[in-house]
Amino acid sequence: FLLTVFGGVPITLFIAYFRYPDHDSYLLFLHCQKEWKDLFKYCSIPLVSIVFTWWHVWLGIQMCFYPVEFVGCCKPYLGWQGIVPRRAHIMASRACDIMIGRLITVEEIIDKIQPQVFFQELNDVLSETCAVVLARLAKLHCEQIWESLPESVKEELRAKGLEESK
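Along every chain, residues carry numbers that run from 1 in the direction the sequence is written. Per-residue local features of the predicted model are confined to residues with pLDDT of at least 70, and side-chain atom pairs are confined, for both listing and counting, to 80 or more; whole-chain, interface and lining totals are unaffected and use all residues. Hydrogen atoms and water are omitted, and side-chain values are computed over all heavy atoms in the structure.

Q: Honestly, the packing of helix H1 (residues 2-19) against helix H2 (residues 34-65) in this entry has me stumped. Any pointers?
A: Think of two packed helices as two axes; the pair is described by the angle between the axes and how far apart they sit. Viewed as axis vectors pointing N to C, H1 and H2 meet at an angle of 160°, and their least axial separation amounts to 10 Å. Of the possible angle classes, the one that applies to H1 and H2 is roughly antiparallel. In this structure, H1 crosses over H2, and the sense of that crossing is left-handed. Across the interface between the two elements, Leu2, Val5, Phe6, Val9, Leu13, Ala16 and Tyr17 of H1 pack against Trp36, Leu39, Phe40, Cys43, Pro46, Leu47, Ile50, Val51 and Trp54 of H2. Residues are grouped as follows: nonpolar covers Ala, Val, Leu, Ile, Met, Phe, Trp, Tyr, Cys and Pro; charged covers Asp, Glu, Lys and Arg; every other residue, Gly included, is treated as polar. Taken together, the residues that form the contact of H1 with H2 break down as 16 nonpolar, no polar and no charged. Note on method: axes are straight lines fitted to C-alpha atoms, helices fitted across the in-contact stretch only, with angles between N-to-C directions ranging 0 to 180 degrees. Helix numbers and strand numbers start at the N terminus; a helix is a DSSP run of H or I with at least 4 residues, a strand a run of E with at least 2. The cut-offs work like this: below 35 degrees is roughly parallel, past 145 is roughly antiparallel, 65 to 115 is roughly perpendicular, and the gaps in between are oblique. Here a crossing is taken to be left-handed if its near helix is turned anticlockwise relative to the far helix by less than a right angle, and right-handed if that turn runs clockwise. Should any heavy atoms of two residues lie within 4.5 Å, those residues are counted as being in contact.

Q: It is not clear to me how the side chain of Gln33 should be interpreted in this structure. Could you clarify?
A: Looking at the secondary structure, you find Gln33 in the loop between strand E2 (30-32) and H2. Given the relative accessible area of 14%, Gln33 is considered buried. Reaching out from Gln33, the side chain makes a polar contact with the side chain of Glu35 at a distance of 3.2 Å. Those residues within four positions of Gln33 in sequence are excluded, and the remaining contacts are Tyr20, Asp22, His23, Asp24 and Ser25. Relative accessible area decides the class of each residue, using a 1.4 Å probe on protein chains only: under 20% of the type maximum gives buried, over 50% gives exposed, and in between gives partly exposed. Polar contacts, as counted here, are pairs of nitrogen or oxygen atoms within 3.5 Å of one another; within protein the pair requires one atom able to donate a hydrogen and one able to accept it, and residues that are adjacent in sequence qualify only if both atoms are side-chain atoms.

Q: Where do I start with the packing of aromatic side chains in this structure?
A: Given two aromatic rings, their pairing is described by the distance between the two centres and the angle made by the two planes. Geometry of aromatic contacts follows a simple scheme: Phe, Tyr and Trp rings, the Trp one being its six-membered ring, pair when their centres are within 6.5 Å, and the pair is stacked under 30 degrees between planes, edge-to-face over 60, tilted otherwise. Taken as a whole and assessed by the stated rule, the structure comprises 4 aromatic pairs. Measuring from ring centre to ring centre gives 5.3 Å for Phe118 and Phe119, while their planes differ by 80°; the resulting arrangement is edge-to-face. Overall, the relative accessible area of 36% leaves Phe118 in the partly exposed class.

Q: Help me understand helix H7 (residues 123-141) in this model?
A: Counted at 1.5 Å a residue, the expected span for H7 with its 19 residues is 27 Å, and the 27 Å between its end C-alpha atoms agrees. Here H7 has its buried residues at Ala131, Ala135 and Ala138. Along the axis of H7, the buried residues cluster in a sector spanning 75°; they form a single face. When the buried face of H7 is taken as reference, the exposed residues oriented beyond 90 degrees from it are Val125, Arg136, Leu140 and His141. The elements touched by buried residues of H7 are helix H8 (143-148) and helix H9 (151-165). Multiplying 1.5 Å by the helix residue count minus one yields the expected span of that helix. Along the arc lie the directions from the helix axis toward the C-beta atoms.

Q: Teacher, can you tell me more about the pattern of salt bridges here?
A: A side chain with one charge may pair with a side chain of the opposite charge, provided their charged atoms come close. Salt bridges are defined by distance alone: a side-chain nitrogen of Lys or Arg within 4 Å of a carboxyl oxygen of Asp or Glu. Under the definition given, this model contains 3 salt bridges. Glu151 is paired through a salt bridge with Arg158; the nearest N and O atoms lie 3.4 Å apart. In this structure Glu151 comes out as partly exposed when scored by relative accessible area, which is 48%. Glu155 is paired through a salt bridge with Arg158; the nearest N and O atoms lie 3.1 Å apart. In this pair, Glu155 and Arg158 are both assigned in helix H9, 3 residues apart and thus about one turn of the helix distant. By relative accessible area, which is 46% here, Glu155 ends up partly exposed. When salt bridges that share partners are traced, they join Glu151, Glu155 and Arg158 into one network.

Spelled out as structure tokens, the structure:
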């Protein structure tokens, strides 16, 4: 269809231009015959329709996704934000509800986690977190003892806490 419209229309118009010898009218700057001018108008309808439709669909897709942040003033009344970014939190919560509630259960997710790989990947984060929690709890409950402990003992307590969390 597109090949016929974009290829056939110009060829048809080109051939028809020379078939009408008496050029008694004008189309913009082109000297032509009235019948050819009418043919041009009718043939341009599908071309204009297709171009407008492509532009319209492209613009609709752009408006769905862009801009990511709100652009305008008096948020959310005078301006625009893409529909998908504006409703991202709603879409994400619905997707999670569907996935966790219907497609997969929490127990299945936990069963798929391999403990050794999990703790290997999160070792740095867990060791930092355990050290911070241990220091806060020690200062809260027995600050003098924690301050007086040597650094090697504190490090051993951190290692033991990390080991117990596994």
